Structures are given as C-alpha cells and as structure tokens.
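Listed below are the residues making up each chain.
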Amino acid sequence: MQKRELNYLTAYPAAIQQQVQDLIASEQLASLLRKKYACAHQIRTDKALYQYVQDLKSTHLRNGDQISKVHFDSKIKVIQHALGQHTFISRVQGNKLKSKHEIRIATLFKQVPEEFLKMIVVHELAHLKEKEHNKAFYQLCSYMEPQYHQYELDLRLYLTQIDTFGGEVWS
C-alpha cells in the first residue's frame with residue numbers, strides 16, 4: 001500500500017506519523033484500537049447523551065453556564081474538521097440578556113469507545129469557560145480528563161482508520 005496523507009495527524013511528529021503509516025501498511029491500525037479499547041459505549045439517544053454531558057459538567061464545571069440542549073447531529077461532518085460543536089446564542093428578553101449553550105456531537109461517535117466520546121464532550125464543555133483553543137483551554141481539558149491528549153491521538157488514529165479503510169471498528 002502506498003504512503004497516505006495523514007490528514008488527522010499533521011501536527012504530530014514525523015516518528016508518530018511513520019508508526020501510523022506502518023500500521024496502515026500492515027493493516028493493523030483497527031486491531032491496535034480494538035486492543036486498547038474493547039468496545040463501544042452504550043449512549044445511543046440524545047437524552048442519554050444530555051445526561052452524560054450534565055454529569056461531566058456537574059463533576060468538573062459546577063459554576064459553568066447552563067447547557068440548554070445536547071444531541072447527536074448527523075449534519076456535523078468530520079471532513080470539515082468538526083467532531084462536535086458548542087454554540088452560544090445571546091438574546092435580549094426584556095431588559096435582560098439571556099444566553100443559551102448547545103452541544104452537538106457528530107453521530108459518527110455513537111459507535112466509539114466511551115473514552116473518545118468523553119474526550120469530545122470534555123472539549124466542548126471546556127468552551128463554556130474558554131472560547132479559544134489556547135493553553136488555558138487545554139489545561140481545562142486535561143483537568144476534566146487527565147488522559148485527554150492520549151484519547152485525542154487515539155481518536156485521530158480512529159479517524160485515520162475510517163478514512164483509509166472505511167467501515168466501523170466497533171459494532
């Protein structure tokens with residue numbers, strides 16, 4: 001198999017990219033992921049996802065803004081480099097400014113290990129406090145999930161697997 005463009009891993013060192021190229025060439029990337037993460041999570045409905053997000057928020061961001069809606073969104077495309085989205089809407093109601101926060105997670109993530117879902121949710125929750133992807137943002141992500149960076153790398157490996165071979169790794 002010829003060397004592929006690793007779109008999801010461009011920011012990683014050449015040594016890691018080479019290891020991934022080797023795993024792709026030997027068709028071992030999916031089995032590596034299955035070995036690290038045995039099965040997919042069981043959160044399948046928007047209601048269950050909302051509760052999952054609220055539980056994480058109450059554990060780590062008690063003083064964070066309220067979230068009005070959480071759901072899986074089939075319109076989010078990973079190709080556009082979005083795994084999830086946090087939206088913030090401000091409206092004037094009388095003499096008060098009301099804000100609503102919504103979190104949308106790509107439906108692709110209904111069939112992944114909980115660690116990947118948690119990484120995405122933590123990322124979107126961090127936007128309640130930090131709007132930009134800066135040092136404080138990633139420190140908050142690591143506070144909420146100490147393995148955040150490892151899960152992000154492994155999630156990028158999963159996206160590379162799908163991009164390369166298609167299909168599901170966990171069913």
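Everything that follows concerns the structure shown earlier in this document.
In what follows, the accompanying structure is described. This one's a predicted model, so the numbers in the text were calculated from it and none came from an experiment.

This brings us to the side chain of histidine 60. Assignment of secondary structure puts histidine 60 in helix H3 (residues 46-60). At 3.3 Å, the side chain of histidine 60 forms a polar contact with the backbone oxygen of methionine 144. What histidine 60 contacts, discounting residues up to four positions off in sequence, is Tyr143 and Met144.

Its 15 residues give H3 an end-to-end C-alpha distance of 21 Å, which sits within 8% of 21 Å, the value for a rise of 1.5 Å per residue. Those residues of H3 lying buried are Leu49, Tyr52, Val53, Gln54, Leu56, Lys57 and His60.

Here we come to unusual backbone geometry. Phi angles above zero are rare outside glycine, and glutamate 27 is one such case at about 55 degrees. Here glutamate 27 shows up in the loop between helix H1 (14-25) and helix H2 (29-36). By relative accessible area, which is 53% here, glutamate 27 ends up exposed.

Here we come to the packing of aromatic side chains. Describing an aromatic ring pair means giving the distance of the ring centres and the angle of the ring planes. What the rule picks out here adds up to 7 aromatic pairs. Seen in terms of ring centroids, phenylalanine 116 and tyrosine 158 are 6.1 Å apart; in terms of plane orientation they differ by 40 degrees. Their pairing is tilted. Of the two residues, phenylalanine 116 is situated in helix H4 (residues 114-126) and tyrosine 158 in helix H6 (residues 148-165); the sequence distance between them amounts to 42 residues. Across this residue pair, the class does not change: phenylalanine 116 and tyrosine 158 are buried. Ring centres of tyrosine 138 and tyrosine 148 lie 6.3 Å apart, and the angle between their planes is 50 degrees; this geometry places the pair in the tilted category. Remark: tyrosine 148 occurs in helix H6 and tyrosine 138 occurs in helix H5 (residues 135-144); sequence separation between them is 10 residues. Residue tyrosine 148 is classed as buried on the basis of its relative accessible area, which comes to 0%.

Rules used in this analysis
- Residues numbered from 1 in each chain as written.
- Predicted model: local features only at pLDDT ≥ 70, side-chain atom pairs only at ≥ 80, totals over all residues.
- Heavy atoms only, no water.
- Helix = DSSP H or I, 4+ residues; strand = E, 2+ residues; numbered from the N terminus.
- Polar contact = N/O pair within 3.5 Å; in protein donor to acceptor, adjacent residues only side chain to side chain.
- Contact = heavy atoms within 4.5 Å.
- Expected span 1.5 Å × (residues − 1).
- Buried < 20%, exposed > 50% of the residue type's maximum accessible area, 1.4 Å probe, protein only.
- Phe/Tyr/Trp six-rings, centres within 6.5 Å; stacked < 30°, edge-to-face > 60°.

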